[in-house]
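These are the residues of each chain, in order.
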Amino acid sequence: FPDRVTNVRIAPGATLESVRSFELLMDSYDREQRGMAIQRMYKTVAPWVTENPIFMHLVSKNDDEVLTAIDQCKTTGYEAVILSFGSHLNMEDNSAANLERWKKMADIAHAKGVKIGGYSLFSSRRISEEDDVISPRTGKTGDAFFGNAPCFGSRWGLAYRDKIKQFFAATGFDIWENDGPYPGDVCASVTHPGHHDAGDSQWEQMKIQQELYQWLNQ
């Protein structure tokens, strides 16, 4: 939840959609009945929380290792393979050759009844002085929760979002295992196109992230 939001601007004619909260009214003190009600609520408002695929985490160095893992998943009954941190997959490479390469891999996995996904790092790395989170305390980069981190509202951050969308649309990958942005770093930049200043940066970054998750889920 964005806890450091002080100044969200709403343009004329625009609307603000707040954070949503759900309350479940209990009709019993019975422990089992209350537990069943909570489970039913989550299945209704957030059905994806019931998904728990059996997957293999793979740190791959080349395509052959991915193909072997896909075959292993099919043989053993695993439902998916995820190319983990340190793998040779790069979702930010939106070249035609890279997209075609991973589309072929996804097609092979799907033909064998296996889903495929990959890891992508957002936070905990330095991009540039122009794109990294600027600390309201110091007025400089390098003071984010994990040291250096890009701002999702920066030009780089918005381009990252578009590259992830392009990758999934072009390849047919099934799973996105992302690392950040978190935990909602406040950014004091006044030049990033995705937010105005420190007062709305946490809120606007969260909206960008939410929209990406919703797009992927759809």
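Everything that follows concerns the structure shown earlier in this document.
Below you will find a few notes about this structure. Treat the numbers as computed from the prediction; the structure is a model and nothing was measured. (Residues numbered from 1 in each chain as written. Predicted model: local features only at pLDDT ≥ 70, side-chain atom pairs only at ≥ 80, totals over all residues. Heavy atoms only, no water.)

**So, the packing of helix α3 (residues 96–111) against helix α4 (residues 155–171)**
To characterise two packed helices, one gives the angle between the axes of the helices and the distance between these axes. Put simply, the rule is: Each axis is a line fitted through C-alpha atoms, taken for helices only over the stretch in contact, and angles between the N-to-C directions span 0 to 180 degrees. Here a helix means four or more residues in a row that DSSP labels H or I, a strand means two or more in a row labelled E, and each is numbered from the N terminus. The scheme is simple: roughly parallel for angles under 35 degrees, roughly antiparallel for over 145, roughly perpendicular for 65 to 115, oblique for anything else. Less than a right angle of anticlockwise turn of the near helix away from the far helix marks a crossing as left-handed, whereas a clockwise turn marks it as right-handed. Residue contacts are counted whenever heavy atoms from the two residues lie within 4.5 Å of one another. Each residue is assigned to one of three groups, with Ala, Val, Leu, Ile, Met, Phe, Trp, Tyr, Cys and Pro labelled nonpolar, Asp, Glu, Lys and Arg labelled charged, and all others, Gly among them, labelled polar.
Put simply, α3 and α4 touch, their axes get as near as 8 Å, and they point 50° apart. It follows that α3 is oblique to α4 by the angle criterion. Where α3 crosses over α4, the two elements pack in a sense that is right-handed. When α3 is examined against α4, the residues N98, L99, W102, K103 and A106 are found in contact with a partner set consisting of Q166, F167, A170 and T171. Of the residues contributing to the contact of α3 with α4, the split by class is 5 nonpolar, 3 polar and 1 charged.

**Quick notes on the pattern of salt bridges**
To keep it simple, the criterion reads: In what follows, salt bridge is the name for a side-chain nitrogen of Lys or Arg lying within 4 Å of a carboxyl oxygen of Asp or Glu. For the exposure calls, accessible area comes from a 1.4 Å probe over protein chains only, and a residue counts as buried if that area is under 20% of its type's maximum, exposed if over 50%, partly exposed in between.
In the structure shown here, the tally under the stated rule is 13 salt bridges. Across the pair R101 and D63 runs a salt bridge whose closest N-O atoms are separated by 3.0 Å. Taken as a pair, R101 in helix α3 and D63 in helix α2 (residues 63–76) lie far apart in primary sequence, 38 residues in all. Its relative accessible area of 23% is what places D63 among the partly exposed residues.

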